[in-house]
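In case you want the letters, here they are:
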Amino acid sequence: MDERTALAIGIEGYTYLYPLVLMDVTRLQATNVVNPGDLPARGPAGTFTHVREFPAGDFRDVVRPNFDTLYSTAWLDLAREPYVVSVPEAGDHYYLLPMYDMWTDIFACPGSRTTGGVAAHYALCGPGWRGTLPDGVERIDAPTPWIWMIGRTKASPATYDRVRAFQDAMSITPLSERPGAPAPVTGAIDPAIDATTPPLRQVFALDAGDFFAYAARLAAIHPPHVNDVPVLQRLARIGFTPGEPFDLAAADPTVRAALQAAVPAAQKRITDFQQRLGVAANGWRMITEAVGTWGTNYLRRACADLIGLGVNLPEDAVYPLAYVDGDGNPLTGDNAYVLRFPADGLPPCDAFWSLTLYDAEGFQVPNPLDRFAIGDRDALRHEEDGSLEIRVQAGAPAEGTSNWL
């Protein structure tokens, strides 16, 4: 094989496999604790870990956390038996519970929009499970043995008590232990797992040999999707087959050199695609379709996972992104900005809207107000004509801090 072809396959392969590796590194770090909540948003597998308040300024486990909902997360290993996830009646309170396979596809999403927010019991069944479920339990088949759930319940500091009560009424129970109250779950700490470096940095630090070997092991556990055959056939040409050991040192020298060059090239490709993700609209990037369920759009998937692992379906949430100002210049803390909404032009939504500020890596920026987002639930000051101006700048505005991000 010529090096040019091997390089192209390596870049495609890295882009395709990156979400799988990122998910597993995230899983290992997030579940490497003894008790739920020992560290923010982390807990052992098999139980909910509820976030009781918005993340602090130094939270780095997940890029681009939101400051509109409180999270309820859980990692489940379905290899042995199903788990029954129970949710209470939500009433008129907005929530969703997207369920992700290890390739970061949403395969189910109970919640206010989909199920009407009714109380329900869902049996999450791993690939190939056959058995009988109790009456009143809805079966949901998971594409991979491990899955991740990221529940989100609309919140503000004023509604924390109501949201916490809703979280406490959620439960996860192994099918063999149902009915009955779920037993407390405890985990164990593996000192070999990096508990401090953000997962995105850990994955980007892997060299070609370690990355593709890791991905080959994971792909043996978590079946690729049925529409992944073409990319798998491409990868087979460089000696990569899911489930078979991949040893870069034993590869053809042309392939070895190409894959070593492919890793930084693919990382740059994924990172640069942020500026082209979605549709350009008035200086913003609008992502209103083809997220959450990815098909074969592997570059879109990798980029979205890089900037916000665990993205929602566009029917549930829309995330306009801005990297430049009204003149097309990159946003920088050296400048002061005004985001203006006319009186009849506030964001159209059925639940809530907000503007959130992140740094270049996608993390929130510590500040004296501990304010990382501003939106419809804040005590905003409107202009006399009903318009709204949000001021984004490093120093406090002369007008006061009510509209300051």
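S.K.: Explain the overall build of the protein chain to me, using residue names and the numbers behind them.
M.R.: The number of helices and strands found in the protein chain is 7 helices and 16 strands. The globule rule puts the C-alpha radius of gyration for 405 residues at 22 Å, and the 22 Å found for the protein chain is close to it. Oriented by its inertia axes, the alpha-carbon framework of the protein chain measures out at about 70 × 55 × 35 Å. The proportion of buried residues among the 405 residues of the protein chain is 49%. Once local pairs closer than 6 in sequence are excluded, the contacts in the protein chain between residues at least 24 apart make up 71%. Taking the average place of the 31 positive charges on the side chains of the protein chain and the average place of its 49 negative ones, the gap between the two points comes to 3 Å.

S.K.: Got a sec to walk through the nonpolar core? Specific residues and values, please.
M.R.: Formed by 68 residues in total, the largest nonpolar core has its most connected members in Tyr14, Leu17, Tyr18, Phe212 and Phe240. Contributing elements (two or more residues each) for this core: α1 (3–30), β2 (69–77), β9 (146–154), α3 (199–205), α4 (208–221), α5 (229–236), α6 (253–272) and α7 (298–308). Of all the elements, α1 adds the most residues to this core, at 12 residues. Counting 22 residues, the second largest nonpolar core, distinct from the first, contains Ala74, Tyr122, Leu124 and Met170.

S.K.: I'd love a proper account of the packing of α1 against α5, names of residues and values included.
M.R.: At a minimum axis distance of 9 Å, the contact between α1 and α5 shows a crossing angle of 130°. Accordingly, the angle class assigned to the pair α1 and α5 is oblique. You can see that α1 and α5 cross each other, and the crossing is left-handed. Listed contacts from α5 to Ala8, Ile9, Glu12, Gly13, Tyr16 and Leu17 of α1 are Val231, Leu232, Arg234 and Leu235. Partitioned by chemical class, the residues of the contact of α1 with α5 number 7 nonpolar, 1 polar and 2 charged.

S.K.: Requested: an account of the pairing of strand β16 (residues 388–392), with residues and values cited.
M.R.: Along a regular strand, successive side chains alternate from one face of the sheet to the other. With 5 of 5 residues buried, β16 lies mostly within the body of the structure. Judged by which residues are buried, β16 turns out to be covered on both faces: Leu388, Ile390 and Val392 on one side and Glu389 and Arg391 on the other are all buried. Here 5 bridges tie strand β13 (residues 337–341) to β16, and the two strands are oriented antiparallel to one another. The residue bridging tyrosine 337 from the neighbouring strand is valine 392, located in β16.

S.K.: Before we move on, can you summarise the packing of α1 against α6 with the specific residues and values?
M.R.: Following both chains from N to C, one finds α1 and α6 inclined at 50°, their axes separated by 7 Å at the closest point. The angle between α1 and α6 falls in the class oblique. Where α1 crosses over α6, the handedness of that crossing is right-handed. When the residues that make up the contact of α1 with α6 are grouped by side-chain class, the tally is 15 nonpolar, 4 polar and 2 charged.

S.K.: Before we move on, can you summarise α4 with the specific residues and values?
M.R.: The end-to-end C-alpha distance of α4, which contains 14 residues, comes to 20 Å, matching closely the 20 Å that a straight helix rising 1.5 Å per residue would cover. Taking burial as the measure, the 14 residues of α4 include 10 buried ones, the bulk of the element. Of all the positions in α4, only Ala208, Gly209, Phe211, Phe212, Ala213, Tyr214, Ala215, Ala216, Leu218 and Ala219 are classed as buried. Looking at the buried residues of α4, the elements they touch are α1, α3 and α6. For α4, the N-terminal capping position is held by aspartate 207, with its side-chain oxygen 3.3 Å away from the main-chain nitrogen of glycine 209.

Definitions and cut-offs
Residues numbered from 1 in each chain as written. Predicted model: local features only at pLDDT ≥ 70, side-chain atom pairs only at ≥ 80, totals over all residues. Heavy atoms only, no water. Helix = DSSP H or I, 4+ residues; strand = E, 2+ residues; numbered from the N terminus. Rg over C-alpha atoms; globule rule 2.2 N^0.38 Å. Buried < 20%, exposed > 50% of the residue type's maximum accessible area, 1.4 Å probe, protein only. Contact = heavy atoms within 4.5 Å. Lys, Arg positive; Asp, Glu negative; His and termini not counted. Charge placed at Lys NZ, Arg CZ, Asp CG, Glu CD. Core = buried A, V, L, I, M, F, W, Y, C linked by side-chain atoms within 4.5 Å. Axes fitted to C-alpha atoms, helices over the stretch in contact; angles between N-to-C directions. Parallel < 35°, antiparallel > 145°, perpendicular 65-115°, else oblique. Left-handed = near helix turned anticlockwise from the far one by under 90°. Nonpolar A, V, L, I, M, F, W, Y, C, P; charged D, E, K, R; others polar. Pairing = 2+ DSSP bridges. Expected span 1.5 Å × (residues − 1). Polar contact = N/O pair within 3.5 Å; in protein donor to acceptor, adjacent residues only side chain to side chain.

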